[in-house]
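If you want the building blocks of each chain, they are given just below.
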Amino acid sequence: MWDRAGVSTPYAVVDRDVLAANVAAMQAFCDRRGIALRPHAKTHKTLEIARLQLEAGAVGLTVATVGEAEVYADLLAQADVDVLVAYPVAVPPERLRDLARRVRVVVGVDSAQGVSRAAEAGVAVSVEVDCGLRRSGVDPAQAGLLAAVAAARGVPVHGVFTFPGHGYAPGAAAASAAADEARALADAAESFTAAGLECAVRSGGCTPTAGHVDAGVVTELRPGVYALQDAQQVALGVAALEDVALRVRSTVVSNAVAGQVVLDAGAKVLGTDRPAYVEGHGLLPAYPHARIERVWEHHGVVDLRGGAGPALGEVVDVVPNHVCATVNLLDELVAGDETWRVAARGRNS
Ligand SMILES: Cc1ncc(COP(=O)(O)O)c(C=O)c1O
């Protein structure tokens with residue numbers, strides 16, 4: 001189905017006004033508290049949005065992979081800012097060394113092996129600490145020890161970072177994860193002091209917890225989703241539907257089965273993230289009573305739940321549950337009269 005000239009559904013549209021407002025709002029939030037903003041650019045994977053964030057005042061970018069850092073390297077170097085690979089990086093040192101020739105790089109470490117890799121590549125590190133998610137990161141009390149290992153090898157240590165991802169739950173979870181984050185970063189900083197080292201950067205954050213940040217401890221925030229927002233953030237009460245800047249435009253391709261319609265947006269564009277606190281596989285702003293109950297790769301089955309539904313051939317917008325997953329599945333984003341390439345797509349290592 002052809003909706004925008006030359007573009008077939010399903011495709012993603014970005015509302016540039018909403019995007020700009022989200023970027024400005026998070027920057028202003030951080031500025032007011034004296035916190036540096038280092039947006040996680042794995043959410044949007046596009047140079048255009050990264051540029052907007054840097055122009056708004058971001059101190060640099062966060063990425064999840066060296067491949068993403070390679071895509072953003074020139075933009076970051078031009079802006080004279082650095083990149084944090086907030087991940088226990090395991091790529092060959094030569095590749096990190098090449099990247100470091102193009103842009104200032106800081107990599108996450110949570111082991112002596114990670115420190116050795118950074119030392120071989122000649123890049124700086126930030127020590128990752130666990131604040132309750134139990135994914136990666138050392139015990140905050142041990143952070144200083146690892147920092148001392150790095151310092152002994154001549155590796156510059158920027159500080160510590162943590163990811164309060166257990167704040168992705170309804171109710172008081174975000175506030176409580178932000179408190180865990182502050183405690184972990186404070187403990188980590190204390191362990192640096194005990195090791196005779198300075199802990200200049202205490203980095204935290206994700207989109208749901210950002211609003212609860214303890215500015216007395218945290219010096220830097222790394223939210224990613226905030227720029228585009230998604231149905232998860234709406235369900236958590238972090239964003240309103242009007243704050244969502246990206247929607248998947250789809251077409252009703254079947255209404256043959258009673259009580260439902262089928263969209264051409266399935267798992268290969270919406271992704272499969274469906275936490276317990278969201279309803280269905282994405283929101284349908286024009287049909288709020290309806291629910292995307294099931295997805296196959298190219299089918300999104302909408303249960304109309306007894307209400308009116310879109311006609312066969314109608315174009316319908318979907319707010320995806322997790323925008324990072326959707327962007328990762330797309331080659332480009334339609335942003336008004338521009339088309340933005342998802343330049344870091346597939347850069348998974
Ligand atoms: C290490 C790290 N920092 C920051 C973020 C950004 O959080 P969010 O996607 O909730 O904005 C993520 C997201 O996965 C992450 O893994």
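The rules behind each value
- Residues numbered from 1 in each chain as written.
- Predicted model: local features only at pLDDT ≥ 70, side-chain atom pairs only at ≥ 80, totals over all residues.
- Heavy atoms only, no water.
- Salt bridge = Lys/Arg side-chain N within 4 Å of Asp/Glu carboxyl O.
- Helix = DSSP H or I, 4+ residues; strand = E, 2+ residues; numbered from the N terminus.
- Buried < 20%, exposed > 50% of the residue type's maximum accessible area, 1.4 Å probe, protein only.
- Axes fitted to C-alpha atoms, helices over the stretch in contact; angles between N-to-C directions.
- Parallel < 35°, antiparallel > 145°, perpendicular 65-115°, else oblique.
- Left-handed = near helix turned anticlockwise from the far one by under 90°.
- Contact = heavy atoms within 4.5 Å.
- Nonpolar A, V, L, I, M, F, W, Y, C, P; charged D, E, K, R; others polar.
- Pairing = 2+ DSSP bridges.
- Right-handed = clockwise from strand over helix to strand, strands pointing away.
- Near = heavy atom within 4 Å.
- Polar contact = N/O pair within 3.5 Å; in protein donor to acceptor, adjacent residues only side chain to side chain.
- Areas by Shrake-Rupley, 256 points an atom, 1.4 Å probe, with all protein chains shown as cover.
- Core = buried A, V, L, I, M, F, W, Y, C linked by side-chain atoms within 4.5 Å.

**So, the pattern of salt bridges**
Applying the stated criterion across every chain yields a total of 17 salt bridges. One salt bridge in this structure joins Glu-293 and Arg-274, with 3.2 Å as the shortest N-O distance. Of this pair, Glu-293 sits in strand S14 (residues 291-295) while Arg-274 is found in the loop between helix H10 (267-270) and S14, placing the two residues 19 residues apart along the sequence. What makes Glu-293 partly exposed here is its relative accessible area of 26%. Taking relative accessible area as the criterion, Arg-274 reaches 34% and is therefore assigned partly exposed.

**Structural notes on the packing of helix H3 (residues 66-78) against helix H4 (residues 93-102)**
Taken N-terminus to C-terminus, the directions of H3 and H4 make an angle of 15 degrees; their axes are 9 Å apart at the nearest point. If you check the angle between H3 and H4, you find them roughly parallel. Read as a crossing pair, H3 and H4 show a hand that is left-handed. Contacts between H3 and H4 involve Val-66, Gly-67, Ala-69, Glu-70, Ala-73, Asp-74 and Ala-77 on the former and, on the latter, Arg-95, Leu-96, Leu-99 and Arg-102. Here the residues of the contact of H3 with H4 sort into six nonpolar, one polar and four charged.

**Quick look at the pairing of strand S8 (residues 124-128)**
Along S8, five of the five residues are buried, which leaves the element largely enclosed by surrounding structure. Residues of S8 alternate between two faces, with Ala-124, Ser-126 and Glu-128 on one and Val-125 and Val-127 on the opposite face, all of them buried. When strand S7 (residues 105-109) meets S8, the two strands line up parallel, connected through four bridges. Residue pairing in the sheet places Val-107 in a bridge with Val-125 of S8. Crossover connection from S7 via helix H5 (residues 112-121) to parallel S8: handedness right-handed. In this fold, the crossover linking S8 to strand S9 (residues 157-161) by way of helix H6 (residues 143-152) has right-handed handedness.

**Let's talk about the site of the ligand**
Of all residues adjacent to the ligand, which total 14 residues, the nearest are Lys-42, Tyr-168, Thr-207, Gly-224 and Val-225. The side chain of Arg-222 places a nitrogen or oxygen atom 3.0 Å from a nitrogen atom of the ligand. Between the ligand and Gly-224, the relevant distance is 2.6 Å, taken from an oxygen atom to a main-chain nitrogen or oxygen of the residue. Relative to its unbound accessible surface of 390 Å², the ligand loses 92% to contact with the protein. Its residues assigned to classes, the shell around the ligand shows seven nonpolar, four polar and three charged.

**Brief notes about the nonpolar core**
By size, the foremost hydrophobic cluster in this structure holds 95 residues, and its most contacted members are Leu-96, Val-107, Val-127 and Leu-333. With seven residues, the single largest contributor to this core is H3. Apart from residues lying up to four places away in sequence, Leu-96 is in contact with Val-66, Val-89, Val-91, Val-105, Val-107, Ala-121 and Val-123.

**Quick look at unusual backbone geometry**
Here the residue pair Thr-9 and Pro-10 is connected by a cis peptide bond, since its omega of 0 degrees sits within 30 degrees of zero. Along the chain, the position of Pro-10 falls in the loop between strand S2 (7-8) and strand S3 (11-14). Unlike most non-glycine residues, Asp-80 shows phi in positive territory, near 60 degrees. Within the secondary structure, Asp-80 sits in the loop between H3 and strand S6 (82-88). Assessed through its relative accessible area of 55%, Asp-80 is described here as exposed.

**Points about the packing of H6 against helix H7 (residues 173-194)**
Remark: H6 packs on H7, axes separated minimally by 7 Å, with the N-to-C direction vectors making an angle of 50 degrees. One finds that H6 runs oblique with respect to H7. Of the two elements, H6 crosses H7, and the hand of that crossing is right-handed. Each of Ala-143, Gly-144 and Ala-147 in H6 lies in contact with H7, whose residues at this interface are Ala-188, Ser-191 and Phe-192. In terms of residue class, the contact of H6 with H7 is made up of four nonpolar, two polar and no charged.

**Some remarks on the side chain of Gln-53**
Among the structural elements, Gln-53 can be located in helix H2 (residues 47-56). On the basis of relative accessible area, Gln-53 is assigned to the buried category, the value being 1%. Among the polar contacts made by the side chain of Gln-53, one reaches the side chain of His-44 at a distance of 2.9 Å. For Gln-53, the residues in contact, after removing those within four places along its chain, are Val-23, Gln-27, Pro-39, His-44, Ala-58, Leu-61, Tyr-226 and Ala-227.

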